[in-house]
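# Inside the fold
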Amino acid sequence: MLKTLWKTPINILLALVWCDDFLLQYVRLVAERLPIVSAFAGYVIPIMYAVSILLAIRSFRLSKSDMVFLACVVMVYFISPVLYPDTNIYWEQRWINFLTAVLSFYILGVSIIPSVDIDQTTELLYKLSVLTIILKLLYFVVKGPLGTDETIAEGDMAQAYQLLPHICLIAYYTIKKYTIFRVGLLGISAFYLVFLGNRGSVLILAISCVLLFVFTSQYKYRVQISCITALLVVVFLYSPLFEITMDTLQETSAELGMSTRIFDMVDDGDLANSTGRSDKFVILLGAIDRKPVTGYGIYGDRSFLDGYCHNLPLELLTDYGYFAGGLLFIGILVLLGRAVLISSSTVYFALLVCLLGNGFFKLFFSGSYLLEDTFYLLLGYSAALIRYRRNLFSRK
């Protein structure tokens, strides 16, 4: 692992980003308990990032189209509060974080393919994901339940989405080669995700597993197997066994001190309920109809809601109007669609699916394209897949 990490400087930066939510936080906790170092514990992670960026600068690959894209994003971002002063309060709070996300994560994403050995890099990220999941499970065993009654009732959305890419990558390696360890770890991780009580992350994991199985599995009849599995799932959902299973899992989750939110929703028939978001959609659609051409500028949805709208296409339409917002969303779909078609059946597809989870699918349930770093990492990586597509076909 260390050889792969140091072989290409950009691997260090990518590994830090991959581990930011969990493993790096453990590093910070260790630093807080060391003599002398504890006084500077808050600077440990920023220093690690700064050093890794300096080492990786020579590996960054930006084309003229990338520079034009980033320049347009920055220009639009700074012009928006001038044209739409009502959003200034949100812009002033977020502009540094946004520009950091766009510049750094897009540049990292677009530099991955020409700079690294994707097989070794993916293997490195897989090992880091395994370590992340194991430490998280051990922490749960030692620490115990989620925390407050409110957290147990509502679930832990943040933790669910943070774990999602790690579980997706473990799923890829499990599909690639079945072992007792991989199957067991994937199963336990999936159940843990369900017990966190977040529907969106569970659905995204299911979609990701299907994509990985259909496009990367070596089984000759993988499409047929997927269709038969889907049929069996539908039969199970309408059988008495489903209710029995849900009741058992609900009791197990409660005994473990985990969230029963998903199972409660199943009991109440509210699993597909939008939990109040449909009201937000109605408000924003009405607002867009009043300004269909220009929209309300960046952070426009915040002017009508207490927070963001939890829906990528609707957020784009609110910010930029029907025409520009619609074109942006179609452009994103075309970019990601081409990346999927180009990388399918290659190891590049595994990382793409992991990024699609939090960088795209999640934005239909939670988050905002203005806040999600992974969204820009995904755009950069997809652009690189398309740009270097001729090199991919030799890496099946």
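Residues numbered from 1 in each chain as written. Predicted model: local features only at pLDDT ≥ 70, side-chain atom pairs only at ≥ 80, totals over all residues. Heavy atoms only, no water.

## Concerning the packing of aromatic side chains
Centre distance and the angle of the planes are the two values used to describe a pair of aromatic rings. Taken as a whole and judged by the stated rule, the model has 22 aromatic pairs. Seen in terms of ring centroids, Tyr172 and Tyr173 are 5.0 Å apart; in terms of plane orientation they differ by 80°. Their pairing is edge-to-face. The exposure class of Tyr172 is buried, given its relative accessible area of 6%. Using a relative accessible area of 2% as the deciding quantity, one classes Tyr173 as buried. Taking 6.1 Å as the distance between ring centres and 65° as the angle between the ring planes, the aromatic pair formed by Phe195 and Phe263 counts as edge-to-face. Here Phe263 lies in helix H14 (residues 261-268) and Phe195 lies in helix H10 (residues 180-195), a separation of 68 residues in the sequence. Residue classification places Phe195 among the buried residues on the basis of a relative accessible area of 7%. A connected cluster of aromatic rings, assembled from ring pairs, spans Tyr77, Phe78, Trp91, Trp95, Phe98, Tyr299, Tyr369, Phe375 and Tyr376. (Phe/Tyr/Trp six-rings, centres within 6.5 Å; stacked < 30°, edge-to-face > 60°. Buried < 20%, exposed > 50% of the residue type's maximum accessible area, 1.4 Å probe, protein only. Helix = DSSP H or I, 4+ residues; strand = E, 2+ residues; numbered from the N terminus.)

## Describing the packing of helix H2 (residues 9-19) against helix H7 (residues 118-143)
Put simply, H2 and H7 touch, their axes get as near as 10 Å, and they point 30° apart. As summarised for this structure, H2 and H7 are arranged roughly parallel, according to the angle between their axes. Note that H2 runs across H7; the crossing there is right-handed. Together, Asn11, Leu14, Ala15, Trp18 and Cys19 of H2 and Thr121, Leu124, Leu125, Leu128 and Ser129 of H7 make up the contact between the two elements. (Axes fitted to C-alpha atoms, helices over the stretch in contact; angles between N-to-C directions. Parallel < 35°, antiparallel > 145°, perpendicular 65-115°, else oblique. Left-handed = near helix turned anticlockwise from the far one by under 90°. Contact = heavy atoms within 4.5 Å.)

## Quick look at the state of the cysteines
By definition, a disulfide links the sulfur atoms of two cysteines through a covalent bond. Inspection of the entire model under this criterion finds zero disulfides. Distance from the sulfur of Cys209, which forms no disulfide, to the nearest cysteine sulfur (Cys168) is 6.3 Å. Classification of Cys209 as partly exposed rests on a relative accessible area of 23%. (Disulfide = S-S within 2.5 Å.)

## Here's the deal with unusual backbone geometry
Of note in this structure, Tyr299 is not a glycine but carries a positive phi near 70°. The backbone of His310 sits at a positive phi, close to 60°, despite the residue not being glycine. Under the relative-accessibility criterion, His310 is labelled buried at 12%.

## Things to note about helix H15 (residues 277-290)
For H15, with 14 residues, the first-to-last C-alpha span of 20 Å sits near the 20 Å given by 1.5 Å per residue. Residues of H15 that are buried in the fold lie against helix H16 (312-343). (Expected span 1.5 Å × (residues − 1).)

## So, the packing of H7 against helix H9 (residues 157-176)
Between H7 and H9, the shortest axis-to-axis distance is 9 Å and the interhelical angle comes to 125°. In this view, H7 runs oblique relative to H9, as classed from their interaxial angle. Crossing hand, H7 versus H9: left-handed. For the pair formed by H7 and H9, the contact residues are Asp119, Thr122, Glu123, Leu125, Tyr126, Ser129, Val130, Thr132, Ile133 and Lys136 on the first element and Gln159, Leu163, His166, Ile167, Leu169, Ile170 and Tyr173 on the second. Partitioning the contact of H7 with H9 into residue classes produces nine nonpolar, five polar and three charged. (Nonpolar A, V, L, I, M, F, W, Y, C, P; charged D, E, K, R; others polar.)

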